[in-house]
Amino acid sequence: MPVPRRLVVEADGGSRGNPGPAGYGAVVLDPLDTATLAEAAEYIGVATNNVAEYRGLIAGLKAVRDLFPDTPVQVRVRMDSKLVVEQMSGRWKIKHPDMKPLAEEAARILPASSVTYEWIPRAENKHADRLANEAMDAGRRGEQWDPGASTADVETTRTRVLHEEQPPSGPPGDAVAGAAKVRAALAAARPATPAPQAGPAETPQADPAETPQVGWGSAPDLGAPATFLLLRHGETALTPEKRFSGSGGGDPELSATGRRQAACAAEAFAARGTVQEIVSSPLRRCRETAEAVAGRLGLEVRVEDGLRETDFGLWEGLTFAEVRERHGADLTAWLASPDVAPTGGGESFAEVAERVSAARDRLIARYAGRTVLLVTHVTPIKTLVRLALGAPPESLYRMELSPASVSTVAYYADGNPSLRLLNDTSHLR
């Protein structure tokens, strides 16, 4: 039986806008002498980062097949996309409908037993990254990538990188501990000068909802997160009086002040230019707020029942003082435990958390890699923030959420959320 030919494929993809003008790059290498055997790059029009990365993988595997149609091969795929590596390795489920056909196509090109996948830092993927940028630059000129004009080259460190024994790509243990180890390793290995990466030649002003994670160490590239912009609805007549206003009583409309707040939010999101989808609670005050933004952005509003406000039972329409006077013992018990429901068959905060968590999971699966405006209420927003931080239930009483305020949570492919913004009202000033 012939010995398989050993090869390395490095692939990358990028999108200037995510989604936006996108392209991919791929290179086939001989690991023995680091010779470049084939290069591929293409501008693919408007697409997301994840789609472009999958297209790069497909191009690299097809290049191997075309180079050695009758020779058994053993291919090591190296990519800085954690999402593609983990999905193609079978460790992560493929839920997004745009990803499934691409993953299936990639899996059909070569026998599964002949391909292994390895995550690498972006700094070690410069060749494919440069090809992807060249493809996007060509697309901006209305052209396709010309291999004769390529400036992508093999790094001088490639020999060391390819010959070294590589660690397993999947983080050991639970996701949080594994991600922390990966971040620590990356922080230690980070070069002094950032490596070029697939993206715009001129970087626009960063938007708070789109900027990468920061802190003591950068996270591995997990692809674009599902980013939820959490907009509390505008004021109703009940808001200034601080009355309980949930889903179990009336369904108040926005006041004149609330409509002005919704219009301000709409202008702010139009200027930001990052909202791709809008999802609203079914209650009127949220739908009116969402429709004001949707009308400005030219988007449709989808309704998610799980985003509705708590049912406050017999407390609906009452002030805190009135509830204390009429249902004092019940209020004391409610404040002491998330499992206690308001008087008269309302919802406990534990029940709300279960409902909101289920809605969150549905939305993350549906909008992976996209920026979504969720128009909802105080309790659902506080619950999403609390869950993102892993904070106890009593933290709900320690957050301030103003009418028409914006908070932001990003959900990465490794299951780790990142709170990026809380109770921003700058657009109302």
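Every chain's residues receive numbers from 1 upward, in the order its sequence appears when written. Only residues with pLDDT of at least 70 get local features here, since the model is predicted, and only at 80 or more are side-chain atom pairs given and counted; chain-wide, interface and lining totals rely on the full set of residues. Calculated side-chain values reflect all of the structure's heavy atoms, with hydrogen atoms and water omitted.

### With respect to the UniProt feature "active site" (unreviewed entry) in the protein chain
Link 1 in the chain: The sites that carry the UniProt feature "active site" (unreviewed entry) are, in the present numbering, His233 and Glu309. Across 77 residues, the annotated set stays spatially compact, with a maximum C-alpha separation of 11.0 Å.
Link 2 in the chain: Relative to the elements of secondary structure, His233 occurs in the loop between strand 6 (226-232) and helix 7 (256-272).
Link 3 in the chain: Relative accessibility decides the category of a residue: with a 1.4 Å probe and only protein chains considered, values under 20% of the type maximum give buried, values over 50% give exposed, and everything between is partly exposed. Given the relative accessible area of 5%, His233 is considered buried.
Link 4 in the chain: Dropping the residues within four chain positions of it, His233 is found in contact with Arg285, Cys286, Thr289, Thr376, His377, Pro403 and Ala404. UniProt positions are given in the numbering used here, feature names are shortened, and annotations may be inferred rather than shown by experiment. Under the DSSP-based scheme used, a helix requires at least four consecutive residues in state H or I and a strand at least two consecutive residues in state E, with every element numbered from the N terminus. Any pair of residues with heavy atoms lying within 4.5 Å of one another is described as a contacting pair.

### Regarding the sheet that holds strand 4 (residues 73-79)
Link 1 in the chain: Strand pairing is assigned whenever DSSP identifies at least 2 bridges connecting the two strands. Taken in spatial order, the five strands make up an open sheet running 3-2-1-4-5, and their pairing is mixed. One side of each edge strand has no neighbouring strand; the edge strands of this open sheet are strand 3 (36-47) and strand 5 (115-119). Direction aside, neighbouring strands of the sheet carry axes that sit 20° apart on average.
Link 2 in the chain: For strand 1 (residues 5-15) and strand 4, the ladder comprises seven bridges, and the chain directions are parallel. Considered in strand 4, the bridge of Arg6 is made with Gln74.
Link 3 in the chain: Seen against the sheet, helix 4 (residues 126-140) touches strand 1, strand 2 (20-29) and strand 3 and runs at an angle of roughly 140° to strand 2. A fitted line through C-alpha atoms represents every axis, and for helices the fit uses only the stretch in contact; the resulting angles, taken between N-to-C directions, go from 0 to 180 degrees.

### Some words on the packing of helix 7 against helix 8 (residues 284-297)
Link 1 in the chain: Viewed as axis vectors pointing N to C, helix 7 and helix 8 meet at an angle of 40°, and their least axial separation amounts to 8 Å. In this structure, helix 7 meets helix 8 at a crossing whose hand is right-handed. Residues Ala262, Ala265, Ala266, Glu267, Phe269 and Ala270 of helix 7 touch helix 8, and the partners they reach there are Thr289, Ala292, Val293, Arg296 and Leu297.
Link 2 in the chain: Tallied by class, the residues present in the contact of helix 7 with helix 8 amount to eight nonpolar, one polar and two charged. Left-handed is the label given to a crossing in which the near helix is rotated counterclockwise from the far helix by less than a right angle, and right-handed is the label when the rotation is clockwise. Three classes are used, and their members are as follows: Ala, Val, Leu, Ile, Met, Phe, Trp, Tyr, Cys and Pro are nonpolar, Asp, Glu, Lys and Arg are charged, and the others, Gly among them, are polar.

### A closer look at the UniProt feature "binding site: substrate" (unreviewed entry) in the protein chain
Link 1 in the chain: Under the present numbering, the feature "binding site: substrate" (unreviewed entry) in UniProt falls on Arg285.
Link 2 in the chain: Among the structural elements, Arg285 can be located in helix 8.
Link 3 in the chain: Here Arg285 is in contact with His233, Thr236, Ser245, Gly246, Asp251, Pro252, Leu254, Glu309 and His377, once residues within four sequence places are set aside.
Link 4 in the chain: Only 3.0 Å separates the side chain of Arg285 from the backbone oxygen of Ser245, close enough to count as a polar contact. Two N or O atoms form a polar contact when they lie within 3.5 Å of each other; inside protein one atom must be a possible hydrogen donor and the other a possible acceptor, and for residues adjacent in sequence the pair counts only when both atoms belong to side chains.

### Re the side chain of Glu309
Link 1 in the chain: Along the chain, Glu309 falls in the loop between strand 8 (301-303) and helix 9 (320-326).
Link 2 in the chain: Charge assignment in this entry is limited to Lys and Arg as positive and Asp and Glu as negative, and neither His nor the chain termini are counted. In what follows, salt bridge is the name for a side-chain nitrogen of Lys or Arg lying within 4 Å of a carboxyl oxygen of Asp or Glu. The buried charged residue Glu309 lacks any salt bridge partner; its closest oppositely charged side chain belongs to Arg285, at an N-O distance of 5.6 Å.
Link 3 in the chain: Looking at Glu309, its side chain comes within polar contact range of the main-chain nitrogen of Val378, at 3.4 Å.
Link 4 in the chain: Contact partners of Glu309, with chain neighbours within four places excluded, come to Ser245, Gly246, Ser247, Leu283, Arg285, Glu347, Arg355, His377, Val378, Thr379 and Pro380.

### Some words on the environment of Tyr24
Link 1 in the chain: You can see Tyr24 is positioned in strand 2.
Link 2 in the chain: Along the primary structure Tyr24 and Gly13 are separated by 11 residues, whereas in three dimensions their C-alpha atoms are 4.0 Å apart.
Link 3 in the chain: A distance of 2.8 Å separates the side chain of Tyr24 from the side chain of Glu42, its partner in a polar contact.

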